[in-house]
Amino acid sequence: MSSTHEAAPILAARGLTKAHGGTRALRGAAVDLYAGEILAVTGASGSGKSTLLHCLAGIVRPDEGSVVYAGQRLDRLPEERLSELRRTEFGVVFQFGQLIPELTALDNVALPLLLAGASRETSRRASRGAAHEQAGAWLERFGVRGQEGLRPGEMSGGQAQRVALARALVTGPKVVFADEPTGALDSLASEQVMTALTHTARETGTAVLLITHDAQVAAYADREVRLRDGAVSEDATALGATR
Ligand SMILES: Nc1ncnc2c1ncn2[C@@H]1O[C@H](COP(=O)(O)OP(=O)(O)OP(=O)(O)O)[C@@H](O)[C@H]1O
């Protein structure tokens, strides 16, 4: 992907600051994410990567600055509109999947669909069957079809992360936020997870904001921005990912 984009970014942050107690995690960070783009955010430990992701995903409000998603100020939306947006337009994957331990893989992936269905007040039974069918198809897509009855504690780390990816993508989000999704995996599992994530995102046109400190993982992205002390230090465009 080239460094010049004609369309407006789907997500744009400017001048973000955020302090956690006395620690200034973000100091004027700015970033653009374009529709369908896979953007790696890299930087040393403590440079503010996770805080940036939380602000962009509407999980945390910045102290100052703006976050514009599809033309609306995310940082000014009331909490209920924000949570609806997170449920319908965004998907998230964290380092340790954050699957619900009591639920099977199938139920974990079906859950976002059931929540979306419940908010639309569709027939419970019909939506449950459809959600399970769709969840099964996504597990298949991520190569974990045989695992639908397993609970997270019964899966390998790589399998659990692929289930977490299926859960993040099942609702057809516009943006997936992935915070060190391979941070707890060995290199083979890490490769499988990154291949699954990037292939699917490219097929579905989902934009991905990928946090990583691993150059091999960043190489899957189209473009990289580097954070240093809470601000973007370098916009290393056009990684030229071919995967
Ligand atoms: N909830 C919190 N309470 C207090 N300090 C925090 C909190 N979250 C982050 N920080 C601090 O803010 C700074 C930025 O943290 P952040 O997690 O955003 O960085 P990071 O680049 O993602 O780091 P890492 O790669 O280690 O996960 C760090 O100094 C961190 O200790």
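Residues numbered from 1 in each chain as written. Predicted model: local features only at pLDDT ≥ 70, side-chain atom pairs only at ≥ 80, totals over all residues.

Looking at an unreviewed UniProt entry, one finds the chain named ABC transporter ATP-binding protein, with Streptomyces ortus as its source organism.

**Student:** What am I meant to see in the pairing of strand 4 (residues 64-69) here?
**Tutor:** Each regular strand shows side chains that alternate between the opposite faces of the sheet. Here strand 1 (residues 11-20) pairs with strand 4 via five bridges, running antiparallel. Residue pairing in the sheet places alanine 13 in a bridge with valine 67 of strand 4. Here strand 4 pairs with strand 5 (residues 72-73) via two bridges, running antiparallel. Note that in strand 5 the partner of tyrosine 69 across the bridge is glutamine 72. As consecutive antiparallel partners, strand 4 and strand 5 are separated by two residues, and within that stretch alanine 70 has a phi angle of approximately 45 degrees, a positive value. (Pairing = 2+ DSSP bridges. Helix = DSSP H or I, 4+ residues; strand = E, 2+ residues; numbered from the N terminus.)

**Student:** It is not clear to me how the packing of helix 5 (residues 157-169) against helix 6 (residues 187-204) should be interpreted in this structure. Could you clarify?
**Tutor:** When two helices pack together, their arrangement is given by the angle between the helix axes and the distance between those axes. The interhelical angle for the contact between helix 5 and helix 6, taken along N-to-C directions, is 15 degrees, at an axis separation of 9 Å. Considered as vectors, helix 5 and helix 6 are oriented roughly parallel to each other. Here the hand of the crossing between helix 5 and helix 6 comes out right-handed. Residues Gly157, Gly158, Gln161, Arg162, Leu165 and Leu169 of helix 5 lie in contact with helix 6, whose contacting residues are Ala189, Gln192, Val193, Ala196, Leu197 and Thr200. Grouping the constituent residues of the contact of helix 5 with helix 6 by class yields six nonpolar, five polar and one charged. (Axes fitted to C-alpha atoms, helices over the stretch in contact; angles between N-to-C directions. Parallel < 35°, antiparallel > 145°, perpendicular 65-115°, else oblique. Left-handed = near helix turned anticlockwise from the far one by under 90°. Contact = placed C-beta atoms within 7 Å. Nonpolar A, V, L, I, M, F, W, Y, C, P; charged D, E, K, R; others polar.)

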